[in-house]
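Structural characterization, general
Each chain is listed here by its residues.
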Amino acid sequence: MIILGIETSCDDTGIALVECDPPSPRLWRAKQKCRILSNVISSQIKIHAPFGGVVPNLAARAHLKNIEPCLKETLKQAGNPKIDLIAVTQGPGLIPALLVGVNFAKALAYNWNLPIIGINHIEGHIYANWLNDSEIEFPVLCLVVSGGHTQLILMKNHGRYELLGETRDDAAGEAFDKVAKLLGLGYPGGPLISKHALEGNASAFDLPRPMINSKDFDFSFSGLKTAVLYKVRHFEVRPQNAEPFQHINDMAASFQQATIDVLVKKTIKAAKQHQPKTIILSGGVAANSELRKQMEKAVKDLEIKFQMPDIKLCTDNGAMIAAVAAYKKKLAPERDQLLFSANANLKLVA
Ligand code: KG4
Ligand code: ZN
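Residues numbered from 1 in each chain as written. Chains lettered and ligands numbered in written order. Predicted model: local features only at pLDDT ≥ 70, side-chain atom pairs only at ≥ 80, totals over all residues. Heavy atoms only, no water.

**So, the overall build of the protein**
For the record, the criterion: Helix and strand assignments come from DSSP, with helices taken as H or I runs of at least 4 residues and strands as E runs of at least 2, each series counted from the N terminus. Only protein chains enter the accessibility calculation, which uses a 1.4 Å probe; a residue whose area is less than 20% of its type maximum is buried, one above 50% is exposed, and one in between is partly exposed. By the convention used here, residues are in contact when the closest approach between their heavy atoms is within 4.5 Å. Only four residue types enter the tally: Lys and Arg on the positive side, Asp and Glu on the negative side; His and the chain ends are excluded. Lysine's charge is taken at NZ, arginine's at CZ, aspartate's at CG and glutamate's at CD.
Helix and strand counts for the protein come out as 10 helices and 10 strands. C-alpha extents for the protein along the principal axes are approximately 60 × 45 × 35 Å. When each of the 350 residues of the protein is scored for burial, the buried share is 53%. A separation threshold of at least 6 residues defines the contact pool for the protein, and within that pool the share at least 24 residues apart is 74%. Placing the 40 positive and 34 negative side-chain charges of the protein at their respective mean positions leaves the two points 3 Å apart.

Below, the structure is given as structure tokens:
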């Protein structure tokens, strides 16, 4: 079965073709594999960088301009295969951006007379882990860390989720982006913080680890960001004058380590309580090499299998959306398939 995956929930236009084992979604099997045939991503970083964050209407306009060229390129790279199913991100995300993808996908489904399914973006991040070769055993503990979400989810089987905890304020990726802005590093912050952290001392600044010892599995990152702000204000770091950037590098490393400490400790605590067979990491922040390294090391001590997507599949892409569709047990009846709408607040767990 060949699935076209379309993703436009934020600032990346992602379209991919993925080939999966089962001949139809109704013949779903537990141990099938998915193979990426093509995965085209058009980034909007240059458009949003001057604003220090994503501007929803500019994102929608850029999706509108890029979506058709992306589709053509995806089809060309995969050698124009026969498509069996269209999967598109339904939400959560920025509504102007989601609407472009959903309406484009529906138009394709109508014109090409193909089945279509709306996919939850968070589920897409989780299923990026099913785009490589290793087998994932349930129950799975998932840490989803992106620009919009920070959640610990217990996945009992395909499509069966229990939310264990989530952020009460900023998402981890959002904190990376805001701290990078405070330090004058630019946008998007995650990759810039991790680059500067490589040259910094993670113990240079004493920063809080919010909620690290709380009894639940919730997170909070806004206080950590404010702690960085106070240190910047009190001239412990001087973005404008810092020469040769050592303060900036030290703050980037200290902030990154504080965030990682909380993410790792909470994940390990959840693993000890819920005894999963596999722990998976996903979402844009999972591209952070220090988080990948430290989480892998902490999980090793528990003797639980650890899995994370390739770095390029951590951030938004169409392949992860297609991968979810491959594991859906059934589609909506044909006459209802075009009736779903983009939903900015779509929940994975009701
Ligand atoms: O999953 P994603 O592409 O979009 C959302 O669903 O939000 O995640 C984007 C987020 C941004 O906040 C970005 O700064 C962060 O992921 N990110 C990183 C890294 N690469 C991207 N954060 C930390 N380290 C990175 N290397
Ligand atoms: Zn995402």
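There's more to say after this.
**Regarding the coordination of the zinc ion (ligand 2)**
As a reminder, the rule being used: Coordination shells were defined by N, O and S atoms within 2.8 Å of each metal, extended to 3.2 Å for Na, K and Ca; water is absent from the atom set, which can make sites look incomplete.
Surrounding the zinc ion (ligand 2) are the protein donor atoms His121 (NE2), His125 (NE2) and Asp316 (OD), which sit 2.0 to 2.1 Å from the metal. Each donor residue of the zinc ion (ligand 2) lies on one chain, and together they are spaced H-x3-H-x190-D. With a gap of 195 residues between them, His121 in helix H4 (residues 121-127) and Asp316 in the loop between strand S10 (305-307) and helix H10 (318-326) connect regions that are remote in the sequence. When its relative accessible area of 11% is taken as the criterion, Asp316 is described as buried.

**Quick look at the sheet that holds strand S5 (residues 116-120)**
For the record, the criterion: Strand pairing requires that DSSP identify at least two bridges connecting the strands. Comment: axis = line fitted to C-alpha atoms, over the contacting stretch for helices; angle = value between 0 and 180 degrees taken between N-to-C directions.
Strand order in the open sheet formed by 5 strands is S3-S2-S1-S4-S5, and the pairing between neighbours is mixed. Among the strands making up the open sheet, the edge pair consists of strand S3 (34-43) and S5. With direction set aside, neighbouring strand axes in the sheet form an average angle of 20°. Pairing geometry for strand S1 (residues 2-7) and strand S2 (residues 12-20), over 6 bridges, is antiparallel.

**A closer look at the domain arrangement of the protein**
Condition: For the purposes of this description, domain bounds are those given by an automatic or database domain assignment. The term buried area denotes the loss of accessible surface (1.4 Å probe radius) that occurs when two parts are joined, taken as the sum for both partners. For salt bridges, the criterion is a side-chain nitrogen of Lys or Arg within 4 Å of an Asp or Glu carboxyl oxygen.
When its domains are assigned, the protein resolves into domain 1 (2-132 + 313-336) and domain 2 (140-308). For domain 1 versus domain 2, the separation of C-alpha centres amounts to 27 Å. Between domain 1 and domain 2, the residue contacts involve 22 residues of the former and 23 residues of the latter. Each partner contributes to the roughly 1800 Å² buried at the junction of domain 1 and domain 2, and carbon and sulfur atoms together form 66% of this total. The three residues of domain 1 that bury the most area against domain 2 are Ile126, Asn129 and Cys314, which together make up 32% of that side's buried surface. Here domain 1 and domain 2 share 0 salt bridges between them.

**Some details on the site of ligand 1**
As a reminder of what qualifies: Only heavy atoms are used to decide nearness, and a residue is near a molecule or strand if one of them lies within 4 Å of it. Under the rule applied, a polar contact is a pair of N or O atoms within 3.5 Å (in protein, one hydrogen donor and one hydrogen acceptor; residues adjacent in sequence only if both atoms are side-chain atoms). Only the protein chains shown count as covering a residue, and every accessible area follows the Shrake-Rupley method with a 1.4 Å probe. Only Asp, Glu, Lys and Arg are considered charged in this grouping, and only Ala, Val, Leu, Ile, Met, Phe, Trp, Tyr, Cys and Pro are considered nonpolar; every other residue, Gly among them, is considered polar.
Neighbouring ligand 1 are 17 residues; His125, Gly147, Asp177, Gly190 and Gly284 lie closest to it. Gly148 has a polar backbone atom sitting 3.2 Å from an oxygen atom of ligand 1. Take Gly284: an N or O atom from its main chain is 3.0 Å from an oxygen atom of ligand 1. Taken by itself ligand 1 offers 550 Å² of open surface, and the protein chains cover 88% of this. Elements with a minimum of two residues in the shell around ligand 1: H4, helix H5 (172-182) and helix H6 (189-197). Of the residues contributing to the shell around ligand 1, the split by class is 4 nonpolar, 11 polar and 2 charged. Both domain 1 (2-132 + 313-336) and domain 2 (140-308) contribute no fewer than three residues apiece to the shell around ligand 1.

**Observations concerning the nonpolar core**
Spelled out, the test is: Take the buried Ala, Val, Leu, Ile, Met, Phe, Trp, Tyr and Cys residues and link them wherever side-chain atoms come within 4.5 Å; each set so joined is a nonpolar core.
Residues Ile193, Leu207, Phe255, Leu281 and Leu291 are the most contacted members of the largest nonpolar core, which totals 50 residues. Put simply, the parts of the chain that give this core at least two residues each are strand S6 (140-145), strand S7 (150-157), H5, H6, helix H7 (222-233), helix H8 (246-274), strand S9 (278-282) and helix H9 (289-300). Core analysis: the second largest hydrophobic core is formed by 37 residues, Ala16, Leu85, Trp130 and Leu313 among them.

**A word on the packing of aromatic side chains**
What counts here: Any Phe, Tyr or Trp ring, taking Trp's six-membered ring, that has another such ring centre within 6.5 Å forms a pair; planes under 30 degrees apart are called stacked, those over 60 apart edge-to-face, and the others tilted.
The full count for this structure, using the stated rule, is 6 aromatic pairs. A centroid spacing of 5.3 Å and a plane angle of 40° characterise the contact between Tyr127 and Tyr327, whose relative ring orientation is tilted. With Tyr127 in helix H4 and Tyr327 in the segment after H10, this pair connects stretches of sequence that are 200 residues apart. For the residue pair Tyr127 and Tyr327, the accessibility class agrees, reading buried in each case.

**Observations concerning the sheet that holds S6**
Two orientations exist for strands paired in a sheet by backbone hydrogen bonds: parallel and antiparallel. With mixed pairing, the 5 strands of this open sheet are ordered in space as S8-S7-S6-S9-S10. Looking at strand neighbours, the two that pair on one side only are strand S8 (160-166) and S10, the edges of this open sheet. For this sheet, the mean inter-axis angle between neighbouring strands, taken without regard to orientation, is 20°. Here S7 pairs with S8 via 6 bridges, running antiparallel. Bridge pairing in S8 places Asn157 opposite Arg160. Strands S6, S7, S8 and S9 of the sheet are contacted by H8, whose axis makes an angle of about 160° with S6. In the packing of H9 onto the sheet, the strands contacted are S6, S9 and S10, and the crossing angle to S10 comes to about 165°.

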